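Survey of secondary and tertiary structure
Next come the chains, spelled out residue by residue.
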Amino acid sequence: MSGVPLDRREVVSRILAERGETLVVTGLGSTTWDAAAAGDHPNNFYLWGGMGGAAMVGLGLANAQPGRRVLVITGDGEMLMGLAGLATVGVAAPGNLAIAVIDNERYGETGMQETHTAHGVDLAAVAAGAGFAAAGTLRTMEEVDAWTPRLHGEPGPLFAAIKVGTDPAPMVLPLRDGAAIRARFRQAVLGDRADE
Amino acid sequence: MNRAADWPDAVFGVLADTGVRQVYYVPDNGHRRLIERCHADNAMLATRLTGEEEGVAALTGAWLGGDKGVLLMQSSGVGKCINMMGIVQECRVPLLMLVTMRGQWGEFNPWQVPMGRATAPALEAAGVLVHEVDDAARVAETVHAAARLAFDAYRPVAVLIGQRAIGFKDWTK
């Protein structure tokens, strides 16, 4: 294992480069900017609020679209705020859902204060304990590359905590109007049914 | 028409006719019969939550994927949901919540009173349209109207089912 921490933008870009038809939900806030930096896509639903809700948005979407892959990409602070949701996802056990936490052990939007993951809280162990089909902590790009096809296709629910560095990344802001993001996403997923 | 005491069955019929597919709930005595009916229906997917706020986010995902849904809870759970209302408001996601009330008509537990009192004002402050119903015979029609408002007008709507409709909780057994 190299001593150089992973770059969050490179990690998210590598994962999304293999997205295919995967539907992506991002959490408030850095992972929303990460996904935008990797390239805007109508199959992205960007959360700009509702902290703690990303995994559950993913569950509802996965339940509605059992034939599609759903990938939630969120941060450690966002996941910690909705930690109990991992229990709900584990029990619901949607086979088409994966959650990737980009874990810099910091609250990036509020001044880089440390989160509980900087002090030993093991998110992958929580997911495993909740009954996820597979859960791991990733620290190298080799591990990210090995997990990427799993995140996009292996029967889930899957959970990956990806440890990244704390270097600041430039702000890349996607669509901000929630109604517009919602309408675009539904049109992409549902086509003519979006107007129902 | 069903007997008034059969309102959970009548509400189930309304949800089925509405095309509700995803049902999220925190276990609750007032909703016990309705939850059982939802679990037993192959056209519905009933999911137990650890906390009510999870349901607001999950129903956002459900709507994004083309499913209608409902969130069943007790009034004490409403307070937990408030921040998540930002998602459904900003994204204009339909949200149907059926809330059984505590802390009002005939309540025996004083600790239930504060949130019971705050339930409707808190929801309204968060932009949720509130329909209150105290008459068991009118619960189903109220849910029907709320479902129309939620899914046809793309709004968050809560039906508050009063303790007068549910009946006293017998705390002696």
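Everything below is about the structure shown above.
Since this is a predicted model, take the numbers as computed values, not measurements.

**Quick word on the interface of chain A and chain B**
Counting from both sides, the interface comprises 33 residues of chain A and, opposite them, 27 residues of chain B. Carbon and sulfur atoms supply 60% of the area buried between chain A and chain B, which totals about 2,100 Å² over both sides. For chain A, the biggest contributors to the area lost against chain B are Asn63(A), Arg182(A) and Arg186(A); these three give 24% of the whole. Scanning the region where chain A abuts chain B turns up zero salt bridges. Inspection of the chain A/chain B interface yields 14 residue pairs in polar contact (both at pLDDT 80 or more). Among the elements of the structure, helix H3 (54–64), helix H5 (84–92) and helix H8 (178–190) of chain A are those that each provide at least two residues to the side of chain A that touches chain B. Its residues assigned to classes, the side of chain A that touches chain B comprises 16 nonpolar, ten polar and seven charged.

**Some words on the pairing of strand E6 (residues 156–161) of chain B**
Residues and elements named next belong to chain B. With six of its six residues buried, E6 lies for the most part within the structure. Strand direction decides the pairing type here: strand E4 (residues 95–100) and E6, joined by six bridges, are parallel. Its bridge partner being in E6, Thr100 is matched across the sheet by Ile161.

**Comments concerning the packing of aromatic side chains**
Residue and element names in this part refer to chain A. Taken as a whole, this structure holds four aromatic pairs over all chains when the rule is applied. Between the aromatic rings of Phe45 and Phe185, the centroid separation amounts to 6.0 Å while the plane-to-plane angle is 75°, which identifies the pairing as edge-to-face. With Phe45 in strand E2 (residues 44–46) and Phe185 in helix H8, this residue pair connects regions lying 140 residues apart in the sequence. For the pair Phe45 and Phe185, a shared accessibility class is recorded, and that class is buried. Cation over ring: Arg150 sits above Trp147, and NZ or CZ is 4.1 Å from the ring centre.

**So, the environment of Leu160(B)**
Residues and elements named next belong to chain B. With respect to the secondary-structure elements, Leu160 resides in strand E6. For Leu160, a relative accessible area of 2% corresponds to the buried category. Along the primary structure Leu160 and Val99 are separated by 61 residues, whereas in three dimensions their C-alpha atoms are 4.9 Å apart.

**A word on the sheet that holds strand E3 (residues 68–74) of chain B**
One key point about sheets: their strands pair by backbone hydrogen bonds, in either a parallel or an antiparallel sense. All names here are of chain B. With respect to topology, six strands assemble into an open sheet ordered E2-E1-E3-E4-E6-E5, the strand pairing being parallel. This sheet does not close on itself; its edge strands, each paired only once, are strand E2 (45–48) and strand E5 (129–133). Shown here is a sheet whose adjacent strand axes are inclined to one another by a mean of 20°, direction ignored. Across five bridges, strand E1 (residues 20–25) lies against E3 in parallel orientation. Across the sheet, the residue bridging to Val23 is Val70, located in E3.

**Some words on helix H2 (residues 32–40) of chain B**
All names here are of chain B. Residues of H2 that are buried include every one of Leu34, Ile35 and Cys38, and no others. For H2, the angular spread of buried residues about the axis comes to 100°, placing them on one side. Those residues of H2 hidden inside the fold are in contact with helix H1 (7–18), E1, E2, E3 and E4.

Reading guide: rules and limits
- Residues numbered from 1 in each chain as written.
- Chains lettered and ligands numbered in written order.
- Predicted model: local features only at pLDDT ≥ 70, side-chain atom pairs only at ≥ 80, totals over all residues.
- Heavy atoms only, no water.
- Contact = heavy atoms within 4.5 Å.
- Buried area = accessible area lost by both parts, 1.4 Å probe.
- Salt bridge = Lys/Arg side-chain N within 4 Å of Asp/Glu carboxyl O.
- Polar contact = N/O pair within 3.5 Å; in protein donor to acceptor, adjacent residues only side chain to side chain.
- Helix = DSSP H or I, 4+ residues; strand = E, 2+ residues; numbered from the N terminus.
- Nonpolar A, V, L, I, M, F, W, Y, C, P; charged D, E, K, R; others polar.
- Buried < 20%, exposed > 50% of the residue type's maximum accessible area, 1.4 Å probe, protein only.
- Pairing = 2+ DSSP bridges.
- Phe/Tyr/Trp six-rings, centres within 6.5 Å; stacked < 30°, edge-to-face > 60°.
- Lys NZ or Arg CZ within 6 Å of the ring centre and 35° of its normal.
- Axes fitted to C-alpha atoms, helices over the stretch in contact; angles between N-to-C directions.
- Arc of directions from axis to C-beta.

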